[in-house]
Amino acid sequence: MTELILQLAPQEGYTRSLLDGVRLMRADRPLGRTPVLYEPSIVIVCQGHKRGYLANRVYHYDAQHYLVLSVPLPFSSETDASPQEPLLAVSVRLDMTAVADLVIEVDQQTNPTFTAPAGIVSTPLDATLADTTVRLLRALRSPLEARVLGSAIVRELCFRVLLGEQGSAIRAALASHGNFGRIARVLRRIHTDYALPLDVAALAREAGLSVPAFHAHFKTVAATSPIQYIKSVRLHQARLMMIRDHVTAAGAAVRVGYESPSQFNREFKRLFGRSPGEEVREMRSAFSLMEPAQLAEAAAMH
């Protein structure tokens, strides 16, 4: 797995693969605890070590554990890596429609017991899932194999995850039933419509919950309040716009729904620890050899 990812990801950051939704992650240096925003995905690390921090929980993803997110979540991550032993991983975005069909298939053929749904889990990597990952990486070396075999291997990989040690909690989350499902739909709506005016009371009505119940269930799933979640998504998106599209801080603030540039600057610095200008300069300095698209994706990973 290490050799294959080194071939497919010759430089730091995210590298697009021949399959939409499958990307390679590489870091050649340690990275301190940094805010990140992950979409629903499976992240399998073959070398190095990442730690995800959400509320009072720590999620390890390394050569022995993979990470699964069933909803889009902002959290913070920390990376152990070096030039001699870079962090190497593959990220597979979850196609919610395809995964929903798999959840139904698996639940029909097994005897599911009630398990509380989980928005993020860290699970031991078993030999079967590791073998599926290797076959996916091999297919990604060939345009023909990626086109003919790739989607079937991705489907198998998702299937293996749903049958894994914490598969029942992941299936419960992806089935989008009950209060977790109501909040999951709201999270996806915020993730898509972050630039629009978003009113917490209106989001609670969409979820079919009272405002107090909405706040309580939201915090259970996302480990933060609705307002803080919306702010975090907007600030992450603004950061990418400034790095990827050379948008000014004021321009990015308007694009993601801020009316006050000064409020945007304050909240950006509170989240990332640097002003917008300092953050963009730091990213461009750290990854000076990258193309703009690669730079944006490196920023997303960190």
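Residues numbered from 1 in each chain as written. Predicted model: local features only at pLDDT ≥ 70, side-chain atom pairs only at ≥ 80, totals over all residues. Heavy atoms only, no water.

An unreviewed UniProt entry annotates the chain as AraC family transcriptional regulator of Corticimicrobacter populi.

A. Structural detail: the state of the cysteines. Per the stated rule, a full pass over the model turns up zero disulfides. Cysteine C46 shares no disulfide, and the gap to the nearest cysteine sulfur, in C158, comes to 19 Å. (Disulfide = S-S within 2.5 Å.)

B. Focus on the UniProt feature "domain: HTH araC/xylS-type" (unreviewed entry) in the chain. Mapped onto the present numbering, the UniProt feature "domain: HTH araC/xylS-type" (unreviewed entry) falls on residues 184–282. The span residues 184–282 shows a helical share of 77% and a strand share of 0%, and its end C-alpha atoms are spaced 34 Å apart. (UniProt positions renumbered as here; feature names shortened; annotations may be inferred. Helix = DSSP H or I, 4+ residues; strand = E, 2+ residues; numbered from the N terminus.)

C. Examining the pattern of salt bridges more closely. In the structure shown here, the tally under the stated rule is 15 salt bridges. The shortest N-O distance in the salt bridge between R29 and E12 comes to 2.4 Å. With R29 in the loop between β2 (22–27) and β3 (31–38) and E12 in the loop between α1 (2–8) and β1 (13–16), the pair connects residues that are 17 residues apart, well separated along the chain. With a shortest N-O distance of 2.9 Å, E279 and R274 are connected by a salt bridge. For E279, a relative accessible area of 2% corresponds to the buried category. Exposure remark for R274: the relative accessible area of 29% places this residue in the partly exposed category. Linked through salt bridges whose partners overlap, the residues forming this network are D131, R135, E156 and R160. (Salt bridge = Lys/Arg side-chain N within 4 Å of Asp/Glu carboxyl O. Buried < 20%, exposed > 50% of the residue type's maximum accessible area, 1.4 Å probe, protein only.)

D. Representation of the domain arrangement of the chain. Here the domain parsing of the chain yields domain 1 (1–173) and domain 2 (178–286). Just the C-alpha atoms count here: the centres of domain 1 and domain 2 sit 24 Å apart. The interface is formed by 17 residues belonging to domain 1 together with 16 residues belonging to domain 2. Summing both partners gives a buried area of about 1300 Å² for domain 1 against domain 2, and 75% of it is carried by carbon and sulfur. (Domains from an automatic or database assignment. Contact = heavy atoms within 4.5 Å. Buried area = accessible area lost by both parts, 1.4 Å probe.)

E. Expanded view of the environment of F75. Mapped onto the elements of the fold, F75 is located in strand β8 (residues 73–80). Looking at F75, the relative accessible area reads 6%, which means it is buried. Measuring from C-alpha to C-alpha, the distance between F75 and T34 comes to 8.4 Å, with 41 residues separating the pair along the chain. Apart from residues no more than four positions distant in its own chain, F75 is found in contact with T34, P35, V36, Y38, G52, Y53, L54, Y61, L67 and L69.

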